[in-house]
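Chain residues, written in single-letter form:
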Amino acid sequence: MTRIIFIIIIGLHALIHLMGFVKAFNFGEIKELTRPISKPLGLIWFLTFLLFIAALIQYLIKNEFWWLTAIIGILVSQALVITFWHDAKFGTIANVIILLYTPP
């Protein structure tokens, strides 16, 4: 059960990062993100999405180093959370959950 919950959390967190990319490139209206996002920052949002998806795939195929990709994703994600604190502060909760789930 814990494994399934973790898969859902990391997958949803990845998809939420996709929202910043969509907003930056005007692929859709994202009202939840109230500040403008430049295209370079939008690419960082997309990179974070890719990092979390890669970590999720590695986790699913039981690659023992999935957590390295997840840690990089967490670091980039938290930098974005700090930059967009007003809109993204709750991303810290997902980052902490993912961090706590990684092996020591």
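Notes on the structure in this doc start here. Since this is a predicted model, take the numbers as computed values, not measurements.

1. Some remarks on the overall build of the chain
In terms of helices and strands, the chain carries five helices and zero strands. When the helices and strands of the chain are listed from N to C terminus, the series reads α-α-α-α-α. Relative to the compact-globule value of 13 Å for 104 residues, the chain shows a C-alpha radius of gyration of 13 Å, a close match. Projecting the C-alpha coordinates of the chain onto the three principal axes gives extents of approximately 35 × 20 × 20 Å. Here the chain holds 104 residues, and 36% of them are scored as buried. By sequence separation, contacts in the chain at least 24 residues apart represent 60% of the contacts at least 6 residues apart. On the chain, roughly 6300 Å² of surface is accessible, and the fraction owed to carbon and sulfur atoms is 75%. One finds the centroid of the 7 positive side-chain charges in the chain at a distance of 1 Å from the centroid of its 4 negative side-chain charges.

2. Section: the nonpolar core
With 12 residues, the main nonpolar core is built from Phe-6, Ile-10, Ala-14, Phe-49, Phe-52, Ala-55, Leu-56, Tyr-59, Trp-66, Ala-70, Ile-74 and Ile-98. At the level of secondary structure, the elements contributing two or more residues to this core comprise helix 1 (2–24), helix 2 (39–60) and helix 3 (66–83). Of all the elements, helix 2 adds the most residues to this core, at five residues. Excluding anything up to four places from it in sequence, Phe-49 contacts Ala-14, Leu-15, His-17 and Leu-18.

3. Section: helix 2
For helix 2, spanning 22 residues, the distance from its first C-alpha to its last is 31 Å, which sits close to the expected 32 Å at 1.5 Å a residue. Taken together, the buried positions of helix 2 are occupied by Gly-42, Trp-45, Thr-48, Phe-49, Leu-51, Phe-52, Ala-55, Leu-56 and Tyr-59. Lys-62 sits one or two residues past helix 2 and shows a positive phi near 65°.

4. A word on unusual backbone geometry
The backbone phi angle of Asn-26 is positive, close to 55°, even though this residue is not glycine. Tracing the chain through its elements places Asn-26 in the loop between helix 1 and helix 2. Among the residues examined, Asn-26 registers a relative accessible area of 65% and is labelled exposed. In the Ramachandran plot, Lys-62 falls in the positive-phi region, its phi being about 65° despite a non-glycine side chain. With respect to the element layout, Lys-62 can be found in the loop between helix 2 and helix 3. Classification of Lys-62 as exposed rests on a relative accessible area of 63%.

5. Details of a nonpolar patch on the surface
On the surface, a nonpolar cluster with roughly 390 Å² of combined accessible area is contributed by Ile-4, Ile-8, Leu-12 and Leu-15. If you trace the backbone, Leu-12 turns up in helix 1.

6. A short note on the packing of aromatic side chains
Summed over all chains, the structure comprises 12 aromatic pairs. Ring centres of Phe-21 and Phe-25 lie 5.0 Å apart, and the angle between their planes is 45°; this geometry places the pair in the tilted category. For Phe-21, a relative accessible area of 15% translates into the label buried. Ring centres of Tyr-59 and Trp-66 lie 5.0 Å apart, and the angle between their planes is 75°; on these two criteria the pair is classed as edge-to-face. Given the relative accessible area of 7%, Tyr-59 is considered buried.

The rules behind the values
Residues numbered from 1 in each chain as written. Predicted model: local features only at pLDDT ≥ 70, side-chain atom pairs only at ≥ 80, totals over all residues. Heavy atoms only, no water. Helix = DSSP H or I, 4+ residues; strand = E, 2+ residues; numbered from the N terminus. Rg over C-alpha atoms; globule rule 2.2 N^0.38 Å. Buried < 20%, exposed > 50% of the residue type's maximum accessible area, 1.4 Å probe, protein only. Contact = heavy atoms within 4.5 Å. Areas by Shrake-Rupley, 256 points an atom, 1.4 Å probe, with all protein chains shown as cover. Lys, Arg positive; Asp, Glu negative; His and termini not counted. Charge placed at Lys NZ, Arg CZ, Asp CG, Glu CD. Core = buried A, V, L, I, M, F, W, Y, C linked by side-chain atoms within 4.5 Å. Expected span 1.5 Å × (residues − 1). Patch = residues over 30% accessible without salt bridge, like charges linked within 9 Å, V, L, I, M, F, W, Y side chains within 5 Å. Salt bridge = Lys/Arg side-chain N within 4 Å of Asp/Glu carboxyl O. Phe/Tyr/Trp six-rings, centres within 6.5 Å; stacked < 30°, edge-to-face > 60°.

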